[in-house]
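Fold and contact review
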Amino acid sequence: MEIIGLICEYNPFHNGHLYHIKKIKEMFPDSLLILVLNGYFLERGEISILTKEDKVKLSLEYGIDIVLELPVLFGTQSADIFASTALTILNCFGVEKLVFGSELHNMNALTEIVESIENPLYNEKVKTFLKTGMNYPTALAKAISSPYDFNNPNDLLAISYIKTIRKETFPIESISIKRTNDYHDLESTDTVISASNIRTRWKNEEDITKYLPKDSKDALLKENDEIFFKLLKAKILTTPHLDSFLTVDEGIESRLVDMMKKSITMEEFQNNVKTKRYTYNKIRRMCVHLLLGITKEDNKKATLAYIKVLGFSKKGQNYLKTVKKTNPLPITVDKNSLQYKTEIKASLVYDLIMGTNTYVFEKHNFPIKKL
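This write-up is about the structure you can find in this document. (Residues numbered from 1 in each chain as written. Predicted model: local features only at pLDDT ≥ 70, side-chain atom pairs only at ≥ 80, totals over all residues. Heavy atoms only, no water.)

1. Comments concerning unusual backbone geometry
The line we're drawing: Secondary structure elements are defined from DSSP: runs of H or I of at least 4 residues count as helices, runs of E of at least 2 residues count as strands, and each element is numbered from the N terminus. For every residue, the accessible area (1.4 Å probe, protein chains only) is compared with the maximum for its type, and the residue is labelled buried under 20%, exposed over 50%, or partly exposed between those bounds.
The omega angle of the peptide bond from asparagine 11 to proline 12 is 0 degrees, so this bond is cis rather than trans. On the secondary structure map, proline 12 appears in the loop between β1 (2–8) and α1 (15–27). A positive phi angle, close to 50 degrees, is found at histidine 105, a residue other than glycine. Assignment of secondary structure puts histidine 105 in the loop between β4 (97–102) and α5 (107–117). Exposure remark for histidine 105: the relative accessible area of 38% places this residue in the partly exposed category. With a phi angle near 70 degrees, threonine 247 is a residue other than glycine that sits in the positive phi range. Mapped onto the elements of the fold, threonine 247 is located in the loop between α11 (225–238) and α12 (252–262). Under the relative-accessibility criterion, threonine 247 is labelled buried at 17%.

Shown next, in the form of structure tokens:
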């Protein structure tokens, strides 16, 4: 039996994710699928329109055997930190292969790009380009001077996965599945479209029935931008030393205060704050760190204290019994840890914005079983 790893956010769970799981099962018929799942607040600073609980249930329903939590402390950070933490978790559970979606879908090209990044001159080039006002993804692409187009979220994550595996010498093979759509595409009407496309259509109250399973559609939530904005406004205008919070860097705290005073909606605030250097993704991450109260000091102390099992199938349950003996990290939740306390805060803030009661799910702490 081969142990296959996936790293996903499922925002929302759609037909492309079904395709991903189906392809893995076709490629590896005798396999066990282990998913590392991001929860309420995501890598690009977005808020999930599915609760963590519903994402776990959908994962198990459609073929995942074990679902493990990617803590919000790490899941809301840069691609490298996101990837490093997720792969550390998968490695602890004996995963042999990581299968991910990629627009480029060229492992040789992706590996060449990683080798360029590992060149000592690379960081100096990136710093030089950043000083000109470029954002990080653009500076990265220019510093590498690759003939391949890889400047999209999934290929950038793939690069981070490969970098981590090489750096940590994890015995995990990277395998790419060709993405059937572009992450940035908001126009396609195929049955497999990007999550970004689905979220936009959902927000605009368009019919999205054909793009995702019915049980996924039935569980979708609407983000209350007004509440999000009010919470953030109160935080920014009443909190001293904003630069103590994670990703609030380079004097942008003054800009945050000034632009918040001038803005009346979340969209307006983001547009006002945005610069060439500060992308929308970076601004959204910053907002999440401010709302959750994650400081730079917290980040220095942040460690993976435990690995939380969110759910499992019968097959997964049997595997958990064996891997528990060799796992270097505990799978029992440490309620005194920064990791747990931040997860609880995330659920409380999420509940305020989304009108949910995920706090009960977090406190309950028992895995969801599909036996």
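Additional details are given in the paragraphs that follow.
2. Some details on the pattern of salt bridges
We count it as follows: Should a side-chain nitrogen of Lys or Arg be within 4 Å of a carboxyl oxygen of Asp or Glu, the pair is scored as a salt bridge.
Summed over all chains, the structure comprises 21 salt bridges. The partner of aspartate 80 in a salt bridge is lysine 163, and the shortest N-O contact between them spans 2.8 Å. Here the residue aspartate 80 occupies a position in helix α4 (residues 79–92), and lysine 163 occupies one in helix α8 (residues 153–168), the gap between them amounting to 83 residues. Judged by its relative accessible area of 17%, lysine 163 is buried. Connected through shared salt-bridge partners, Lys52, Glu69, Lys308, Glu343 and Glu362 make up one network.

3. Focus: the packing of helix α6 (residues 120–131) against helix α7 (residues 136–144)
What counts is decided by this rule: The axes used here are C-alpha line fits, helices contributing only the stretch in contact, and every angle between their N-to-C directions lies in the interval 0 to 180 degrees. Each angle receives one of four descriptions, namely roughly parallel if under 35 degrees, roughly antiparallel if over 145, roughly perpendicular if within 65 to 115, and oblique otherwise. Left-handed describes a crossing in which the near helix is turned anticlockwise from the far one by less than a right angle; the clockwise case is right-handed. Only heavy atoms enter the contact rule, under which two residues are in contact if any of them lie within 4.5 Å. Residues are sorted three ways: Asp, Glu, Lys and Arg are charged, Ala, Val, Leu, Ile, Met, Phe, Trp, Tyr, Cys and Pro are nonpolar, and all the rest, Gly among them, are polar.
Put simply, α6 and α7 touch, their axes get as near as 9 Å, and they point 130 degrees apart. On the basis of the axis angle, α6 is oblique to α7. Between α6 and α7 the crossing geometry is right-handed. Together, Tyr122, Lys125, Val126, Phe129 and Leu130 of α6 and Tyr136, Ala139, Leu140, Lys142, Ala143 and Ile144 of α7 make up the contact between the two elements. Residues belonging to the contact of α6 with α7 are distributed by class as follows: nine nonpolar, no polar and two charged.

4. So, α5
Within an α-helix, residues lying three or four positions from one another point in the same direction, as the helix has 3.6 residues per turn. Condition: As used here, the arc is the angular range of directions from the helix axis to the C-beta atoms. Two N or O atoms form a polar contact when they lie within 3.5 Å of each other; inside protein one atom must be a possible hydrogen donor and the other a possible acceptor, and for residues adjacent in sequence the pair counts only when both atoms belong to side chains.
Ala109, Leu110, Ile113, Val114 and Ile117 are the residues of α5 that are buried. An end-on view of α5 places all buried positions within 140 degrees of arc, on one side of the element. Of the surrounding elements, those touching the buried residues of α5 are β4, α6, α7 and α8. If you check the start of α5, you find a side-chain oxygen 3.2 Å away from the backbone N of asparagine 108, and it comes from asparagine 106.

5. So, the environment of aspartate 243
Relative to the helices and strands, aspartate 243 is located in the loop between α11 and α12. Given a relative accessible area of 36%, aspartate 243 falls into the partly exposed group. As a C-alpha pair, aspartate 243 and asparagine 271 span 28 residues in sequence and 20 Å in three-dimensional space. Residue contacts for aspartate 243: discarding those within four places in its chain leaves Val248, Glu253 and Lys296.

6. A closer look at the pairing of β4
Keep this limit in mind: Strands were regarded as paired on the criterion that DSSP finds at least two bridges between them.
Burial runs high along β4: five of the six residues are buried. One ladder, built from six bridges, connects β4 with strand β5 (residues 173–178); its direction is parallel. Bridging across to β5, lysine 97 finds its partner in glutamate 173.

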